[in-house]
Amino acid sequence: MKEELIEKLNQARLSKKHFKLEETVALLKECLEIDPSCLIAAAQAGICLLLLGQPEEAESFLKKTFKEAEQKDLPVGAYLAACLTSIGKEDQASEILNDIQSDEFSAAETYMLVAEMLSEKKRHEQAVRLIDALSTRFSQDSFFTRPVNHYRLIRVLAHAGLADIAGQLADTLSETFPDSWEALASKASVAIAEEKYEDAYTLTVQALKKGGASYPLLAAQQHWLAMNK
């Protein structure tokens, strides 16, 4: 590997570590100018663009990586499928999922991560497409045996303004896992969507006390609610 390329990759890693994502993407593009076959740079550029809420731009980088890895890089395939799903290219995404899904590998976590990335950037339509896929294609996946993943899904729906659907799912989660921090946090997300900030604050505090402190976003949510309730 060229010394110049190694230096640029290290600069990109450092930039990403400090969450300077636009700068990171620029550096990774420079890496690809030095060596167009650098799959590390292409894959990381695609993922950083997803973090920036730009799936349309991420598509070409992820496609390049997956193709040049002879469609054997399962994590990249999962990111590519999630990216394609988010921008409405479900048929292409389905073909990739058919190739990579197995008892040993599931793309469910990647779909959830990308939905959360897009939700944070207010790309709600794209995030909800991924949630729809999770609720259908991955409905029987072991991913949903953990209540925290139900909460994550509900949070994205609530953030997208779909409070009715999120509320129904939160009620179901409360019935299945009564008094769990995930159920309380889910109800807090719905309350935020309904602008019931005092209720949301109380529920968030309860969720933190029940074990939700292990989920970093809840503490930040408590602070925000304390300022806005």
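One structure accompanies this document, and this report is about it. As the structure is a computational prediction, the values presented were derived from the model and not from experiment.

What to know about the environment of A166
Inspection of the secondary structure assignment puts A166 in helix α10 (residues 163-176). For A166, a relative accessible area of 0% gives the class buried. Once the C-alpha coordinates of A166 and K209 are considered, the two residues, 43 residues apart in sequence, prove to be 23 Å apart. If near-sequence neighbours (up to four positions away) are discounted, A166 is found in contact with I154, L157, A158 and V190.

Some points on the nonpolar core
Where a protein is soluble and globular, its nonpolar side chains tend to be buried together. Membership of the largest hydrophobic core comes to 64 residues, with the highest contact counts inside it found for L50, Y111, M112, V114, I131, L134 and F138. Filtering out sequence-adjacent residues up to four positions away, L50 remains in contact with P55, A58, L62, Y79, C83, V114, M117 and L118. With eleven residues, the next largest nonpolar core counts A185, L203, A207 and L218 among its residues.

Things to note about the pattern of salt bridges
Under the definition given, this model contains 13 salt bridges. Its salt-bridge partner being R123, residue E56 comes within 2.7 Å of it at the nearest N-O pair. Of this pair, E56 sits in helix α4 (residues 55-68) while R123 sits in the loop between α7 (108-120) and α8 (124-136), placing them 67 residues apart in sequence. For K196, the salt bridge is made with E194, and the minimal N-O distance between the two is 3.4 Å. A relative accessible area of 43% places K196 in the partly exposed class.

Rules used in this analysis
Residues numbered from 1 in each chain as written. Predicted model: local features only at pLDDT ≥ 70, side-chain atom pairs only at ≥ 80, totals over all residues. Heavy atoms only, no water. Helix = DSSP H or I, 4+ residues; strand = E, 2+ residues; numbered from the N terminus. Buried < 20%, exposed > 50% of the residue type's maximum accessible area, 1.4 Å probe, protein only. Contact = heavy atoms within 4.5 Å. Core = buried A, V, L, I, M, F, W, Y, C linked by side-chain atoms within 4.5 Å. Salt bridge = Lys/Arg side-chain N within 4 Å of Asp/Glu carboxyl O.

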